[in-house]
Each structure stands twice: as C-alpha cells, then as structure tokens.
Amino acid sequence: MLRRLLERPCSLALLVGCQFAFVAYFSLGGFRNLTALFGRSAGPAVDYSRTHDVYANLSRIGSARAAPPDPARPLPFCPERSPFLVGPLTVSFARVPTLEQIQAKNPWVQEGGAYRPPQCESRSRTAVIVPHRNRESHLGHLLYYLHPFLQRQQLHYGIYVVHQAGNSTFNRAKLLNVGVKEALKDEDWDCLFLHDVDLIPENDHNLYTCDPWNPKHVSVAMNKFGYSLPYPQYFGGVSALTPDQYMKINGFPNEYWGWGGEDDDIATRVRLAGMKISRPPISIGHYKMVKHKSDKGNEENPHRFDLLVRTQRSWTQDGMNSVSYALLAKELRPLYTNLTVDIGRDPRARAAPGSSRSFREEMLRKPPRGDLPLSLSLSLSPPRPPNVTAPPPALATARVAHGEGALVARGGNQSVAQGPP
C-alpha cells in the first residue's frame, strides 16, 4: 500500500516538499531564527507610551563611584543584567544640546569618549564607530542620548567619530572600515558597533553587546519604517560584529560611493561567510531617526546594483584587506575620539572637461611612478579605475602607516573640523 501511495505524483511531490521544509527549518536555526528572518519576532510586549528620562539612574552610578574599591583586589564582574536599566526612553529632537551641556551631564566619561563602570568589570568592551560629515546637530543628539544609555548598561565603551575630509562623494562603508582599523589599534575591543549618526535607541534593554556566533543587526524597528523590518535581509542603520566576525566577512565594501547598496552587500557577505544575521526582538530594537534632507555629496549611488551583482566574486578582494586612506588627524575630545581621514575619491566621478583637476590628473598619468618622490606620488595619485578593487601594496602600506602624517591632539568641544578638499 505504501509503495502504491509513493507511485502517485502528488504524494511524491508532497514528500519532497516536506523534506525541503525540514532541511530549511534546521538550516535557518529552527523556529526562533526562522521567525526572525521574516521580521515577525515581536518579543515581549513593551509600552512605549510610558517612557523614562534618558539620564535616570545616573546619580546612582555616581554614588557608587564615591566609594572606590581597593586597588589591590580585582573588581568583580558586572551582573549579566544591569540594575540601572529603565526600558523605553523619551527621545526628543526639539533642541540640539551643545557639547558642553552633554559633557556636564556625563562627568564620568573620560577623554576620547571612553568609559568604564566604577564598581565592576564590564562583561563587554564595545567600540561604537560613527561615520560622519556635516552632521553636527545629529552628532549632538546621538552623544546626548548614547552616553547615558551605554553607562546604564555597565559597558566599557569608547565612541569613535570618523569624519570624511573634503567634499568628494560620501562613502559610509569605507569610513567604517577605517574606524574599525583605528579603534583596534587603541584597545582590544571585543564588540564593534557600527552606528549611523542619525539613529537614536529608544530602549536601554537593547544591549550594545555582540552575539558571539553571528553578526547582529540591531536597528530592527525604526520609526522611518513604521517600527518594522523593511525586508528580511536588511542590515542597515546599526549593526554589531565581533572583530573575528568582521574579518571573516572581510569588513565592509570600499567601492560604494554615495547612498545605498552597501547594507545589502554586507548581508550577502554574512551569508557567503557561512553565518546568519541575528536580531533583538522587534519590541526592543526601537530607534528614532533624526529628520533631515538628503545630503549634498551623498546622492543615490547609481552603480549600486551593478556592484551587488559582483559581490559574490569580489567580496574576498574588496574590504579590510584593500582599504587605503590617510589619517589626517586624531583628536581625543571630551565626548569622543575624532578621526579625520582622507579616503580618496569616487573613481567613477568625472571632472569637467578642461578643468584644472582633469588636466592635473592627465599630467600625472604620463610620468612613470618612479619619477616622483614617494610623498609627492602619494599626495598626487589619481583615482583608481573602476575595475581595480585593491590598491598597490606599497601605496596601501604607505598611506595607512600608523601615526605617519597624522596629528594626535587633545581638543575641546569644538565642532568637527573640516579636512582639506
């Protein structure tokens, strides 16, 4: 009877379909990851109509600091769940706080935007890396909310703002690669948070720690998208990776100049590297976006779809192993470490015919590289052609040499300095 049943085409198709569903179920990590893939993991119910001040409980942290522990005894580990968490937060953009006001409200933040909990050893060392250009008001909002948010989570953290010098097309992903490279020179961070400057977390139960197994997409519910995930493989806004995970996907792509495309490229890299995207529950991963108009120099990238088609072939060559840049200045400011960098220009951007730039680039193509001094050849190098994804090894080594040509300064609360064009 079973044999006769299997001979029927509809029964055979049903059996094959059940086997496929079984394999897909477990390859996606079971029910929990399957629901997360489609953005339906709502998680615990949270009442966002009753919110708390972002600076609540900070006085309790200060009172703990009043009695310093014995330096001869090692600090105990902080509890897995911080006692200072309050849940939903009140987030308003009615006024832009000054950096001096933010500094006054965060007296325990050290120079360079670093913080350690006073009475316990943090369970996570988190570096928050923010790509930036011409968004001083957004940066003020982010620093105002993020510092107390992270302190209440009892994290050992540092905030790095990576400022793209000049007026060339913005490149978010490349700036993140630069920020990761420079941050890991400072400290052995075990979690890297890659954070857009215009997104503010609305619930301090959304922990800024990494998933040890998979890259984590954190901003799963933005008000811009009606507090829901726009599509299953979305990886934009705020994400978190361990340094090992970051290197396993070869970092972020360097070739996405302008808005769009790099997030989908990163999601593809995660899959190609044999990992999955983890997420907090929708009810916890709430973010509010600072409203703004489109940025000049960050227009929609018309080449993003062509680049996405090439991701499977190029991801091992385009990323952390090919990033080239010049560190123009490193400033330890009271609320963050400011990195001003020159990351070059979009090789697809064409100068106007007859312009001084096009004439200069044409003249640079004529003499062989050996005819120019190294310092001059580095400063006057023309953009790479589109089909070249990695810089020459000697050039990459020279441009990112630690400390070479970089100014390390300790500055006040000035706005982020504009680099040379």
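What counts, and at which threshold
- Residues numbered from 1 in each chain as written.
- Predicted model: local features only at pLDDT ≥ 70, side-chain atom pairs only at ≥ 80, totals over all residues.
- Heavy atoms only, no water.
- Helix = DSSP H or I, 4+ residues; strand = E, 2+ residues; numbered from the N terminus.
- Buried < 20%, exposed > 50% of the residue type's maximum accessible area, 1.4 Å probe, protein only.
- Salt bridge = Lys/Arg side-chain N within 4 Å of Asp/Glu carboxyl O.
- Pairing = 2+ DSSP bridges.
- Contact = heavy atoms within 4.5 Å.
- Expected span 1.5 Å × (residues − 1).
- Disulfide = S-S within 2.5 Å.
- Right-handed = clockwise from strand over helix to strand, strands pointing away.
- Phe/Tyr/Trp six-rings, centres within 6.5 Å; stacked < 30°, edge-to-face > 60°.
- Lys NZ or Arg CZ within 6 Å of the ring centre and 35° of its normal.
- pLDDT = per-residue confidence, 0-100.
- Core = buried A, V, L, I, M, F, W, Y, C linked by side-chain atoms within 4.5 Å.

(A) Representation of the overall build of the chain in the model. When its secondary structure is counted, the chain shows 14 helices and 12 strands. Within the chain, the proportion of its 421 residues that are buried is 49%.

(B) Structural view of the pattern of salt bridges. Applying the stated criterion across every chain yields a total of 11 salt bridges. Measuring nitrogen to oxygen at the nearest pair gives 3.7 Å for the salt bridge that ties D190 to R125. One end of the pair, D190, is in the loop between helix 7 (172-186) and strand 4 (191-195); the other, R125, is in strand 2 (residues 125-132), and 65 residues separate them in sequence. For D190, a relative accessible area of 28% gives the class partly exposed. The partner of K185 in a salt bridge is E182, and the shortest N-O contact between them spans 3.1 Å. Remark: E182 and K185 occur in helix 7; sequence separation between them is 3 residues, near one turn of the helix. The structure contains a network of salt bridges with shared partners spanning R125, D188 and D190.

(C) Here's a closer look at the pairing of strand 11 (residues 337-342). Where burial is concerned, most of strand 11 is hidden: 5 out of the 6 residues are buried. Sheet topology note: the strand 3 (residues 156-164)/strand 11 ladder contains 5 bridges and is parallel. Within strand 11, the residue paired with Q164 across the bridge is V341. Summarising the sheet, strand 10 (residues 326-332) and strand 11 pair through 6 bridges and their orientation is antiparallel. Bridge assignment links A329 to a residue of strand 11, and that residue is T340.

(D) How the structure looks around the environment of G87. Within the secondary structure, G87 sits in the loop between helix 4 (58-65) and helix 5 (99-105). Assessed through its relative accessible area of 1%, G87 is described here as buried. Look past the residues within four positions of G87 in its chain and what remains in contact with it is E202, N203, D204 and H205.

(E) Up close: helix 6 (residues 136-152). Taking 1.5 Å per residue, 17 residues should reach 24 Å; helix 6 reaches 25 Å between its end C-alpha atoms and fits that length. Burial within helix 6 is extensive, with 15 of its 17 residues counted as buried. Phi turns positive one or two residues past the end of helix 6, at Q154, with a value near 55°.

(F) Fine view of the state of the cysteines. Counted by the stated rule, this structure contains 2 disulfides. The disulfide partner of C78 is C120, and the gap between their sulfur atoms is 2.0 Å. One quick way to see it: the torsion about the S-S bond of C78 and C120 is about 85°, and its sign makes the bridge right-handed. With C78 in the loop between helix 4 and helix 5 and C120 in the loop between strand 1 (114-115) and strand 2, the pair connects residues that are 42 residues apart, well separated along the chain.

(G) The pairing of strand 2, seen in detail. With 7 of its 8 residues buried, strand 2 lies for the most part within the structure. Pairing between strand 2 and strand 3: 8 bridges, direction parallel. When the sheet's bridge partners are listed, V128 is paired in strand 3 with I159. Note that the unit made of strand 2, helix 6 and strand 3 has a crossover that is right-handed.

(H) Representation of the packing of aromatic side chains. A full pass over the atoms with the stated rule returns 9 aromatic pairs. Between Y144 and Y145, the aromatic rings sit 5.0 Å apart at their centres with planes inclined by 85°, giving edge-to-face as the arrangement. For the pair Y144 and Y145, a shared accessibility class is recorded, and that class is buried. Between the aromatic rings of F225 and Y234, the centroid separation amounts to 5.7 Å while the plane-to-plane angle is 80°, which identifies the pairing as edge-to-face. One aromatic cluster in this structure is built from Y55, Y144 and Y145. Residue placement shows K105 over the ring face of Y55; its charged tip is 4.6 Å from the ring centre.

(I) How the structure looks around the confidence of the model for the chain. Looking at the chain, pLDDT values average 77 and 65% of them are 70 or higher. Mean pLDDT values for the elements of the chain range from 38 in helix 13 (residues 374-379) up to 98 in strand 4. Contacts of residues 22-40 to residues separated by more than four positions or lying in other chains number 18 contacts, the stretch itself having pLDDT below 50. Taken as a whole, residues 411-421 scores under 50 in pLDDT and shows 36 contacts with residues more than four places along the chain or in a different chain.

(J) Looking closely at unusual backbone geometry. Positioned with a positive phi, Q154 is a non-glycine residue whose angle comes to about 55°. Position of Q154 among the secondary structure elements: in the loop between helix 6 and strand 3. Here Q154 falls in the buried class, since its relative accessible area comes to 11%. Even without a glycine there, the phi angle at Y227 is positive, about 55°. Tracing the sequence through the fold places Y227 in the loop between strand 7 (221-222) and strand 8 (238-241). A relative accessible area of 28% places Y227 in the partly exposed class.

(K) How the structure looks around the nonpolar core. L143, L146, L150, I159, F193 and Y208 are the most contacted members of the largest nonpolar core, which has 47 residues in total. Here L150 is in contact with V128, L155, Y157 and Y208, once residues within four sequence places are set aside. One finds I129, L176, M320 and L327 within the second-largest nonpolar core, a separate group that totals 34 residues.

(L) Seen up close, helix 7. Under the 1.5 Å per step criterion, the end-to-end length of helix 7 is 21 Å for 15 residues, consistent within 8% with the ideal 21 Å. With 11 of its 15 residues buried, helix 7 lies for the most part within the structure. Turning to helix 7, its buried residues are R172, A173, K174, L175, L176, N177, V178, G179, V180, E182 and A183.

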